[in-house]
Amino acid sequence: MIDTSSISGTRTLGLVLLAAAGLTLPHGLSAQDADADTILQHIPYEVGTAQPPIEPGTTLTSMTVDQAIDRALESNLDLQSARLSPEIQAYSLGAAEAAFNPTFNATFGHNSSTNQSTSQLDGGQQITTDRNTFNFSLSQPMPWYGGQLSANFNNARTSTDNIFATRNPNYNSTLNFSYTQPLLAGRRIDNQRNQVRTQQVQRQIVDVQLQGQIDNITAQVRVAYWNLRSQIEQIEIQRRNLAQAEQLLANNRIRVEQGTMVPMELAQAEAQVASAEQALLNAEIQWRNQERNFKQLIAGGSDDPIFQATINPVDRPEVVERDVDIEAAVARALQNRPEVLQQSMQRQISEMNLEVSRDNVRPDLNLSASYSLQGVGGDLFERDGLGGTPELVQAGGYGDALSSIGSLDTPTFNVSLNFSYPLGTRASELNLEQARLQLRQTDMALAAQELAISTEVTNAGMAVSNTFLQLEAARRSREAAERSVEAELTRFQVGASTNFQVATAQDNLTQMRLSELQAIINHVNAIAEFERVQGLGWNDL
């Protein structure tokens, strides 16, 4: 593109171009009177060479489509928010796995009680007993087969004024190990273990969703980039249209001065200039709106310096005819599209939930086993007769209770089977039927998703071929319109045409240029959309 402000020094080149086009200046119109925009009209227009108007207070920033995508992937606020989702889901997975961490419990207590005697055997008229407890336990759900392991260490110190007591204070300690194993329901899978594995799948789903959002933002940036390029080109096309209209008006004014044209014929040319000015203004307004939309996609916030720049998309749209294999594209899409992957993972979760519901229908049969040791310590007394004077036989304390446990002299074993089966209609059976229906619903949603994607890919593939054919037709129409304008101007110079016919030919050329430009952008976007709907970004193809 050659800017109109730099053409005033190239009038000689313009006259050469005019002569080469077979055009002549009207009688009395010198080369010095030829406006620079006349030269502009005969410089071949090439899509992708126009530059945007420089807004006051901004700088021109050149940007390729790849640079725009990279900037969006780094700065786009929606993507920055979406990138937090995997981290959030990781915490949810960690919370589910934390259910299988061991739990430590400790209890410390003091109890003092005084009771009135109701029998000669109560050990006194009024008995006061002080009891201190300090108990500890550790429980561990097993991440396999649904087992539960626990260990308890209970301790108590009891002192009393009961005259029958033989150990006072009395230390009592118990160490107990127990394990409970489901044999039917809950052995293969339970809700807690299912929660862990479904959260693992959810973690994968979040990754897929993030990639899908990255693909969508990439597609949006690409489309916005070419739309911005299109708006800049439309400004250039409307600028050329205005230059044509102004040149025609200037030539007609000279003819009026020379008496070869009546003044009232200037009205058509003046109306043409006014229309071209309005079209140029509209193109500039649309360009500003499109640039703001583009900046919103690649900016990292309202204070991003990109808002102080005028973006110049320097890439040119490459127009190539592509062979479209729709059948292969559909197969790739069904394998790669994030939506299909996500729906397949949702089906996997439904299958897991169905497995849990099926297992919960089985009766509860739990095997419990425990082993415990007990120890007793404290000062040992003997009495002369029932309620006689106590005589210390052996001094002792808490250590005696622990030593007794360590000697393994007081073991207790326990093994039991606990069976439970509710009668009548059970909630577990209803939950099973619900899970089956949910799985069927997921299968239908997956089938509908695959059908929608197949249709989308087919339409996108056809659009690639159709937009290329439309582009070829628009290019031929633009070339014909250019020849028509040249012919109409030549006829106008010799008096064989009118202002109206010249203006009509110029308007038609402008429309054909705009149509070709839109056809180019449509074809480029159709190719990008065809790649997107195949999910190629997911596998970095």
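So, a few notes on the structure that sits alongside this text.

1. Brief notes about a nonpolar patch on the surface
A contiguous nonpolar patch, built from L183, L367, V415 and L417 and spanning about 350 Å² of accessible area, is present on the exposed surface. Position of V415 among the secondary structure elements: in strand β9 (residues 411-420). Among the residues examined, V415 registers a relative accessible area of 63% and is labelled exposed.

2. A few points about helix α12 (residues 499-533)
With 35 residues, α12 should cover 51 Å at 1.5 Å per step; its first-to-last C-alpha distance of 50 Å lies within 8% of that length. Of the residues one or two after α12, G535 is the one with positive phi, at around 70 degrees.

3. Description of the pairing of strand β3 (residues 126-141)
Of the pairings in the sheet, the one linking strand β2 (residues 103-116) to β3 comprises 14 bridges and is antiparallel in character. Among the inter-strand pairings, S112 is bridged to a residue of β3, identified as D130. Looking at chain direction, β3 and strand β4 (residues 148-160) are connected through 11 bridges and run antiparallel. If you follow T133 over to β4, its bridge partner there is A156. Linking β3 back to β4 in an antiparallel pair, the connection comprises six residues, with Y145 at a positive phi of about 60 degrees.

4. A look at the packing of aromatic side chains
In this structure the tally under the stated criterion is seven aromatic pairs. Note on F108 and F136: the rings are 5.7 Å apart at their centroids and 80 degrees apart in plane angle, and the pair reads as edge-to-face. Here F136 lies in strand β3 and F108 lies in strand β2, a separation of 28 residues in the sequence. A residue is classified by how much of its surface remains accessible, and F108, at 62% relative accessible area, is exposed. On the basis of an interplanar angle of 50 degrees and a centroid distance of 4.8 Å, the ring pair of Y371 and F413 is categorised as tilted. Of this pair, Y371 sits in strand β7 (residues 364-383) while F413 is found in strand β9, placing the two residues 42 residues apart along the sequence. The class for F413 is exposed, based on a relative accessible area of 64%. Three or more aromatic residues link up through ring pairs in this structure, and these residues are F104, F108 and F136.

Thresholds, definitions, all that
Residues numbered from 1 in each chain as written. Predicted model: local features only at pLDDT ≥ 70, side-chain atom pairs only at ≥ 80, totals over all residues. Heavy atoms only, no water. Patch = residues over 30% accessible without salt bridge, like charges linked within 9 Å, V, L, I, M, F, W, Y side chains within 5 Å. Areas by Shrake-Rupley, 256 points an atom, 1.4 Å probe, with all protein chains shown as cover. Salt bridge = Lys/Arg side-chain N within 4 Å of Asp/Glu carboxyl O. Helix = DSSP H or I, 4+ residues; strand = E, 2+ residues; numbered from the N terminus. Buried < 20%, exposed > 50% of the residue type's maximum accessible area, 1.4 Å probe, protein only. Expected span 1.5 Å × (residues − 1). Pairing = 2+ DSSP bridges. Phe/Tyr/Trp six-rings, centres within 6.5 Å; stacked < 30°, edge-to-face > 60°.

This is a description of form; function is not addressed.
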